[in-house]
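# Notes for the structure review
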Amino acid sequence: MGLYIVRRARKKADFLKLKWLLQNFAARRVLEELVRPDERGPQRVYPHAGIPRLVAESVLEGLARGENDFPLSYLARRTIAKVLSLSGQALALSEEETRQALAKPSVKRTIVNGLLSLHRFGLRFPMRFWAPLMVVWNFTYRCNLRCKHCYEDAGPLRSSDFGLEEMSLERKLAAVEEIAASYIPTLSFSGGEPLIHPHFWPVAERAHELGLYLSVNTNGTLISEKVAKRLEELDFAYVSVSIDSPAAEEHDRFRGQPGAWERAVRGLRNMQATNVDTVLGFTITRYNHHRLKETFRFGESLGIDKVMIYNFIPTGRGKEMIEGDLPPEAREEALQQMYEYSASGGSLCTTAPQLGRVCQEMGRPDLIPLAHTGSGEGGDMKLLADLIGGCGAARAYCALQPDGRVTPCVYMPDVTVGHIDEQSLLSIWQNASQMNFIASREGLKGHCRECEYRAVCGGCRARAWAYFQDLKAPDPGCIRNAHYFLASLPARRAHSPASAESIAAG
């Protein structure tokens, strides 16, 4: 029922009944009623040609007010009531809590997006979404640091002076309205360093007005008490601050500036004085993976709400340190440590899709991270994990670049699938051939093709692209594709991607 609700679920969920209900022969008839244009409802509060207000919006708004008398068939009303009842029970929500959740625009967008997805694609494992559940916006090429692993190759001097034309404020505000109008519930600001750009606050304010579920990924050095308070006032759901090591000197060396660690930790502490969830972001590499357990303890000592483990992908400036990528054996050890941390009660998310496979192998599918929302923590919530489905590039999320280009993933900054000055974001998402190609789990190579955990993992498509320039290539970071990692060694030493021909037979 939406990111807000999923992230708070705790009890074992009877999602099997919900699955049956969604696959029932009557579901198609109900969906047809809900996703038709609402000719009698109020006009949209923001204009966006081509995406009409749907009946489902009026129904959800009525349910949030406690109403249940809708101009729908008896079958539709009965099915909606049953779905809501099962969902509320599964997610441990009272009727009042369910109404409160439905009143949130981000939850409403998630549900309508899900209905449109079911209508267009049917129930799939993993799910293909009508519109992205999340857009990660690389807001600017500028940054006050120069980190070795930066996928955007951002820095103090990387700006329009170097021929990089970032979007105007007017265009950015229009992009926010387009995102909100397209039933996209979540907008995550990233960079470069988003807080360094003067456009950040007016854009964030507009996103808040439109009820988007907001987060920001930052190096933390610019989070003063005033900045932290303003993020809270704009109702940011969480703020993720990047920490590369519990040791200050290691972090500073990686970030390219003395004192960066101290200022980042101060930023985390300033956020903790607010009601915004604080997340410690840790990009795991060959140089810091031995610090993983220590990082968990460090986060707990700071009182952070969650640890987010990011894959290192050798793209952008990261190409220069491709030797820093974890070998599959070391990654498997790190995945086990992530699992143990979650199993012991720690709150963890990761962009490493293989953690889903590890959780299932260990008999704890309830610990599979649900995208950026944390684990389901309920036995039957494996169904949700199967729906969310590991790597979400072009299937559940995409990236918006500072110049208006759309890419399938932040770790694919060179894979341009469209530009929002030429097409709407939704049109690019639904119609770009590369997006459709990546979204499908068909045609994968290596062990990814035959893996029994393909629905909850799928391999990291960005790593496959970075190594082999092939979007269907095996993910060489997985222990089950270890021989592909070894085969790529000469190319890694030459700091260039391996040839796609070398894995064509895979």
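### Considering the overall build of the protein
Assigned secondary structure in the protein consists of 22 helices and 10 strands. Burial analysis of the protein (506 residues in total) assigns 63% to the buried set. Relative to all contacts within the protein whose residues are 6 or more apart in sequence, the contacts with residues 24 or more apart total 70%. Working note: accessible area of the protein is about 20200 Å², and carbon and sulfur atoms make up 51% of it.

### Structural notes on the sheet that holds strand β7 (residues 348-350)
Spatially, β7-β6-β5-β4-β3-β2-β1-β8-β9-β10 is the arrangement adopted by the 10 strands of the open sheet, whose pairing is mixed. Two strands in the sheet have a free side with no partner beyond their single neighbour: β7 and β10 (418-419). By the bridge criterion, 4 bridges tie strand β2 (residues 186-190) to strand β3 (residues 213-218) in an arrangement that is parallel. Within the sheet, the bridge partner assigned to Thr186 lies in β3 and is Tyr213. Those strands touched by helix α8 (residues 169-181) are β1 (134-138), β2 and β8 (397-400), and its axis lies near 170° from that of β1.

### Structural notes on the nonpolar core
Counting residues in hydrophobic clusters, the biggest one holds 133 residues, and the most contacted among them are Trp137, Phe189, Phe200 and Phe236. With residues near it in sequence (within four places) discarded, Phe189 still touches Trp137, Phe139, Pro194, Phe200, Val203, Ala204, Leu214, Ser215, Val216, Asn217 and Phe236. With 7 residues, the next largest nonpolar core counts Tyr467, Phe468, Tyr484 and Phe485 among its residues.

### Details of the confidence of the model for the protein
Taken residue by residue, the protein gives an average pLDDT of 87. The fraction at 70 or more is 86%. pLDDT under 50 marks residues 1-13. Its contacts with residues more than four places away, or in other chains, come to 45 contacts. Residue range residues 498-506 is modelled with pLDDT below 50. Its contacts to residues more than four positions away, or to other chains, number 20 contacts.

### Notes on the pattern of salt bridges
According to the stated counting rule, one finds 24 salt bridges in the structure shown. Its salt-bridge partner being Glu209, residue Arg206 comes within 2.9 Å of it at the nearest N-O pair. Placement of the pair is Arg206 and Glu209 together in helix α9 (residues 200-209), with a separation of 3 residues, close to one helical turn. Judged by its relative accessible area of 55%, Glu209 falls in the exposed class. A single network of salt bridges, built from pairs that share partners, joins Arg53, Glu57, Glu61 and Lys108.

### Some points on the packing of helix α11 (residues 248-255) against helix α12 (residues 260-272)
Two elements in contact, α11 and α12, have axes separated by 7 Å at closest approach and are oriented at 105°. One way to sum up the angle between α11 and α12 is to call them roughly perpendicular. Between α11, through Ala248, His251, Asp252 and Arg255, and α12, the contact on the second element is made entirely by Ala260, Trp261 and Ala264.

### Side note on the environment of Val279
Position of Val279 among the secondary structure elements: in strand β5 (residues 277-284). For the pair formed by Val279 and Ser347, sequence separation is 68 residues and the distance between their alpha carbons is 9.7 Å. Apart from the residues within four sequence positions on either side, Val279 is in contact with Tyr238, Val239, Ser240, Val241, Leu268, Lys306, Val307 and Met308.

### Remarks on the environment of Leu234
Following the sequence through the fold, Leu234 ends up in the loop between α10 (225-233) and β4 (238-242). Of the residues examined, Leu234 reaches a relative accessible area of 8% and is grouped as buried. When sequence neighbours within four positions are dropped, the list of residues in contact with Leu234 reads Trp201, Ala204, Glu205, His208 and Leu214.

### Quick look at the packing of aromatic side chains
Counted under the stated rule, the structure contains 14 aromatic pairs. Ring centres of Trp137 and Phe189 lie 6.0 Å apart, and the angle between their planes is 20°; this geometry places the pair in the stacked category. A residue pair is termed long-range when its members are at least 10 positions apart, and Trp137 in strand β1 and Phe189 in strand β2 qualify at 52 residues. An identical accessibility class is assigned to Trp137 and Phe189; each is buried. Counting every residue linked through ring pairs, the aromatic cluster contains Trp137, Phe139, Phe189, Phe200, Trp201 and Phe236. Its guanidinium or amino end placed over the ring of Phe437, Lys472 lies 4.8 Å from that ring's centre, counting from NZ or CZ.

### Looking at the environment of Gly122
Along the chain, Gly122 turns up in the loop between α7 (105-121) and β1. The exposure class assigned to Gly122 is buried, which follows from its relative accessible area of 18%. Spatially, the C-alpha atom of Gly122 lies 10.0 Å from that of Ala27, the residues being 95 residues apart in sequence. Each residue touching Gly122, except ones within four places of it in the same chain, is listed here: Ser117 and Met127.

### A look at α12
An ideal rise of 1.5 Å per residue puts 18 Å on 13 residues; α12 measures up with 19 Å between its terminal C-alpha atoms. Listing the buried residues of α12 in full gives Ala260, Trp261, Ala264, Val265, Gly267, Leu268, Asn270 and Met271.

### As for unusual backbone geometry
The residue after Phe125, namely Pro126, is reached through a cis peptide bond having omega 0°. With respect to the helices, strands and loops of the structure, Pro126 is situated in the loop between α7 and β1. In this structure, Gly192 follows Gly191 across a cis peptide bond, with omega equal to 5°. In this model, Asp235 sits at a positive phi of 60°, which is unusual for a non-glycine residue. Inspection of the secondary structure puts Asp235 in the loop between α10 and β4.

### Considerations on the pairing of strand β6 (residues 306-311)
Among the 6 residues that make up β6, 6 are buried, leaving the element largely enclosed by the rest of the structure. Residues Lys306, Met308 and Tyr310 point to one face of β6 and Val307, Ile309 and Asn311 to the other, with burial holding for every one of them. This β-α-β element, β5 to helix α13 (residues 292-302) to β6, shows right-handed connectivity. As paired strands, β6 and β7 are joined by 3 bridges and run parallel to one another. The partner of Met308 across the bridge, within β7, is Cys349. Taken together, β6, helix α14 (residues 328-343) and β7 constitute a β-α-β crossover, and its handedness is right-handed.

About the criteria used
Residues numbered from 1 in each chain as written. Predicted model: local features only at pLDDT ≥ 70, side-chain atom pairs only at ≥ 80, totals over all residues. Heavy atoms only, no water. Helix = DSSP H or I, 4+ residues; strand = E, 2+ residues; numbered from the N terminus. Buried < 20%, exposed > 50% of the residue type's maximum accessible area, 1.4 Å probe, protein only. Contact = heavy atoms within 4.5 Å. Areas by Shrake-Rupley, 256 points an atom, 1.4 Å probe, with all protein chains shown as cover. Pairing = 2+ DSSP bridges. Axes fitted to C-alpha atoms, helices over the stretch in contact; angles between N-to-C directions. Core = buried A, V, L, I, M, F, W, Y, C linked by side-chain atoms within 4.5 Å. pLDDT = per-residue confidence, 0-100. Salt bridge = Lys/Arg side-chain N within 4 Å of Asp/Glu carboxyl O. Parallel < 35°, antiparallel > 145°, perpendicular 65-115°, else oblique. Phe/Tyr/Trp six-rings, centres within 6.5 Å; stacked < 30°, edge-to-face > 60°. Lys NZ or Arg CZ within 6 Å of the ring centre and 35° of its normal. Expected span 1.5 Å × (residues − 1). Right-handed = clockwise from strand over helix to strand, strands pointing away.

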